[in-house]
Amino acid sequence: MKERIRQLALELGFDACRFTTALPPSSAPAFQNWLDAGYHGSMEYLARNAPKRKNPALVLAEARSVIVLAASYYLEEAAANDTQIDARNNASKGVVARYARFNDYHEVLGAKLKRLCEWIDGNGSAGGRSLWYVDTGPVLERDLAQRAGLGFIGKHSNLISRQWGNWIFLAEILTPLELEPDAPEKNHCGQCTRCITACPTQAIRAPFTLDARRCIAYLTIEHKGNIPLEWRTAIGNRIFGCDDCLEACPWNRFAQAGRTMKGQERGGLAEPDLLELLGLDEAGFRERFEGTPVLRLKRARLRRNVCVALGNTGGREAIPDLERAAGDADAMVAEHAAWAVEQVRKRG
């Protein structure tokens, strides 16, 4: 049964499929310590669902196994053309994290997970229903992925695959089936600290410990209020997420393009025009980002991020647009726009 599931997963377009038990991850105490330190910031759902995250049986009582799947979003052309950290000083362009330059992976992978889950429930003999998630469920998916041998958690706290590098989406199926677990993966970071050094805000407080409150991905995506002044300059022209710690990882030399996400690319998202984005009305925002992860950000927070990017890299030609935004009815957008005008003027 196990090999039939793996084969079907690969046929559906997943790039890796591994198996582990539904026992609590050994990292559960460390996760609780991370929450107690407040490193989750305003992501209260992590604390609210902590008991479930620490014990898959609280998510699905009859779960006996977890099927962990991965899909690579690495693209060779993106790697070749990506703006490097040192050169992110284009006054008119923003930077969007690689994973968001595709059709929304929740939808793309979710459809495949649903089909796989239906097949498992229809052909398994354990009874009961399986439950699938793609980056949305109350499970410690990276920990389960490491225990299943799909990869290892790096010092940046993301999963690294020796075959696929850092550029992977994870998904999982909790199932009542008793499936033989695969061997776990060992950590292969060694003495490397490139990801720690690469972080613009020093969000990786210690190896394997990320303070989300400093993380640019958190600040530009998860955080719903004003971005703290102390981190705005470090954001540069990133307007949705940050790949710096992932890009720095030497295991990316083994990265290869996956079958599912290739062909799901959305043009114009790698380095969009900042002034164009600032001027989008609600209808324009929805039309531009419909079906992508950026849509979840909503227009006000995107404009907030665009103002920060223009404040860091924009020229005087951006001032009229920023001044209009400084009078916006949304107080958050107005404050960030006023800050950006001040920054541009300081640079002369």
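Above: the structure in question.
All values reported here derive from a predicted model rather than from experimental measurement.

Student: Mind showing me how you'd approach the packing of helix 14 (residues 299-313) against helix 16 (residues 331-346) here?
Tutor: Two quantities define a packed helix pair, namely the angle between the axes and the distance from one axis to the other. Running from amino to carboxyl end, helix 14 crosses helix 16 at an angle of 10°, the nearest separation of the two axes being 8 Å. On the basis of the axis angle, helix 14 is roughly parallel to helix 16. For the pair helix 14 and helix 16, the contacting residues are Ala300, Arg301, Arg303, Arg304, Cys307, Val308, Leu310, Gly311 and Asn312 in the first and Met332, Val333, His336, Ala337, Trp339, Ala340, Gln343 and Val344 in the second. Looking at the contact of helix 14 with helix 16 residue by residue, the classes come out as 10 nonpolar, four polar and three charged.

Student: I would appreciate a short explanation of the nonpolar core in the present structure.
Tutor: Nonpolar side chains in soluble globular proteins generally cluster together in the buried interior. Judged by nonpolar contacts, the single largest core of 86 residues is most densely connected at Ile67, Leu69, Tyr99, Leu116, Phe289 and Leu322. Broken down by element, this core gets its largest block of residues, seven residues, from helix 6 (residues 105-123). Each residue touching Tyr99, except ones within four places of it in the same chain, is listed here: Tyr73, Tyr105, Phe169, Ile221, Phe240 and Pro293. Within the second largest apolar cluster, 20 residues are counted, among which are Val59, Ala70, Tyr133 and Ile168.

Student: When you look at the pattern of salt bridges in this model, what are you seeing that I'm missing?
Tutor: A side chain of one charge can pair with a side chain of the opposite charge if their charged atoms are brought near each other. Counted according to the given criterion, the structure contains 16 salt bridges. Ionic pairing is found between Arg288 and Glu276, a salt bridge with its closest N-O pair at 3.1 Å. Of the two residues, Arg288 sits in helix 13 (residues 282-289) while Glu276 sits in helix 12 (residues 274-278), which places them 12 residues apart along the sequence. Its relative accessible area of 23% is what places Arg288 among the partly exposed residues.

Student: Even after reading the chapter, I still don't get the sheet that holds strand 4 (residues 131-133), so can you show me in this structure?
Tutor: By definition, the strands of a sheet pair up through backbone hydrogen bonds, in either a parallel or an antiparallel sense. Judged by pairing direction, the sheet is antiparallel, and its four strands sit side by side in the order 1-2-7-4 without closing on themselves. Both edges of this open sheet fall to strand 1 (16-21) and strand 4, since each of them pairs with a single strand only. Averaged over all neighbouring strand pairs, the angle between strand axes comes to 20°, with direction disregarded. Where strand 4 meets strand 7 (residues 168-175), three bridges bridge the pair, whose relative direction is antiparallel. By the bridge assignment for strand 7, Leu131 is matched with Leu174. Along the sheet, helix 1 (residues 2-12) contacts strand 1 and strand 2 (65-72); its crossing angle with strand 1, the most-contacted strand, is approximately 145°. Packing of helix 6 onto the sheet brings it into contact with strand 2, strand 4 and strand 7, and relative to strand 7 it is tilted by some 30°.

Student: What's the story with the packing of aromatic side chains in this structure? I'm lost.
Tutor: Each aromatic ring pair is characterised by the separation of its centres together with the angle its planes make. Throughout the structure, instances matching the rule amount to 11 aromatic pairs. Taken together, a centroid distance of 6.4 Å and an interplanar angle of 75° make the contact between Tyr73 and Phe102 edge-to-face. A residue pair is termed long-range when its members are at least 10 positions apart, and Tyr73 in the loop between strand 2 and helix 5 (76-81) and Phe102 in the loop between strand 3 (95-96) and helix 6 qualify at 29 residues. Given the relative accessible area of 6%, Tyr73 is considered buried. Taken together, a centroid distance of 6.0 Å and an interplanar angle of 75° make the contact between Phe152 and Trp251 edge-to-face. Of this pair, Phe152 sits in strand 5 (residues 152-153) while Trp251 sits in the loop between helix 11 (244-248) and helix 12, and the two are 99 residues apart along the sequence. In this structure, Phe152 and Trp251 share a single accessibility class: buried.

Student: Got a minute to help me understand helix 14 in this structure?
Tutor: Because an α-helix packs 3.6 residues into every turn, residues spaced three or four apart end up facing the same way. Spanning 15 residues, helix 14 covers 21 Å between terminal C-alpha atoms, matching the ideal 21 Å at 1.5 Å per step. Taking burial as the measure, the 15 residues of helix 14 include 13 buried ones, the bulk of the element.

Student: Got a minute to help me understand the packing of helix 1 against helix 6 in this structure?
Tutor: For the pair helix 1 and helix 6, the least separation of the axes is 10 Å and the interaxial angle reads 155°. What the angle tells us is that helix 1 and helix 6 run roughly antiparallel. The chirality of how helix 1 crosses helix 6 is right-handed. Mapping the contact onto sequence places Arg4, Ile5, Leu8, Ala9 and Leu12 in helix 1 and Lys112, Arg115, Leu116, Trp119, Ile120 and Asn123 in helix 6.

Student: Could you clarify how one ought to interpret the side chain of His156 in this entry?
Tutor: Residue placement: His156 occurs in the loop between strand 5 and strand 6 (159-160). Residue His156 is classed as buried on the basis of its relative accessible area of 3%. In terms of polar contacts, His156 uses its side chain to reach the backbone amide nitrogen of Asn158, at 3.1 Å. Reaching out from His156, the side chain makes a polar contact with the side chain of Asn166 at a distance of 2.7 Å. Leave out the neighbours within four places in its chain, and His156 touches Asn166, Cys195, Ile204, Cys245 and Leu246.

Student: Is there a simple way to explain the pairing of strand 2 in this structure?
Tutor: Strand residues, when the strand is regular, have side chains that alternate between the two faces of the sheet. Taking burial as the measure, the eight residues of strand 2 include eight buried ones, the bulk of the element. Every second residue of strand 2 is oriented toward a common face, with Ser65, Ile67, Leu69 and Ala71 on one face and Val66, Val68, Ala70 and Ser72 on the other, all of them buried. Pairing analysis gives six bridges linking strand 1 to strand 2, with the strands arranged antiparallel. Looking at the pairing, Thr20 lines up with Val66 of strand 2. Here strand 2 runs beside strand 7; their pairing, made up of eight bridges, is antiparallel. Its bridge partner lying in strand 7, Ile67 is registered against Ile173.

What counts and how
- Residues numbered from 1 in each chain as written.
- Predicted model: local features only at pLDDT ≥ 70, side-chain atom pairs only at ≥ 80, totals over all residues.
- Heavy atoms only, no water.
- Axes fitted to C-alpha atoms, helices over the stretch in contact; angles between N-to-C directions.
- Helix = DSSP H or I, 4+ residues; strand = E, 2+ residues; numbered from the N terminus.
- Parallel < 35°, antiparallel > 145°, perpendicular 65-115°, else oblique.
- Contact = heavy atoms within 4.5 Å.
- Nonpolar A, V, L, I, M, F, W, Y, C, P; charged D, E, K, R; others polar.
- Core = buried A, V, L, I, M, F, W, Y, C linked by side-chain atoms within 4.5 Å.
- Buried < 20%, exposed > 50% of the residue type's maximum accessible area, 1.4 Å probe, protein only.
- Salt bridge = Lys/Arg side-chain N within 4 Å of Asp/Glu carboxyl O.
- Pairing = 2+ DSSP bridges.
- Phe/Tyr/Trp six-rings, centres within 6.5 Å; stacked < 30°, edge-to-face > 60°.
- Expected span 1.5 Å × (residues − 1).
- Left-handed = near helix turned anticlockwise from the far one by under 90°.
- Polar contact = N/O pair within 3.5 Å; in protein donor to acceptor, adjacent residues only side chain to side chain.

Honestly, that's just the spatial picture; any functional story needs more than this.
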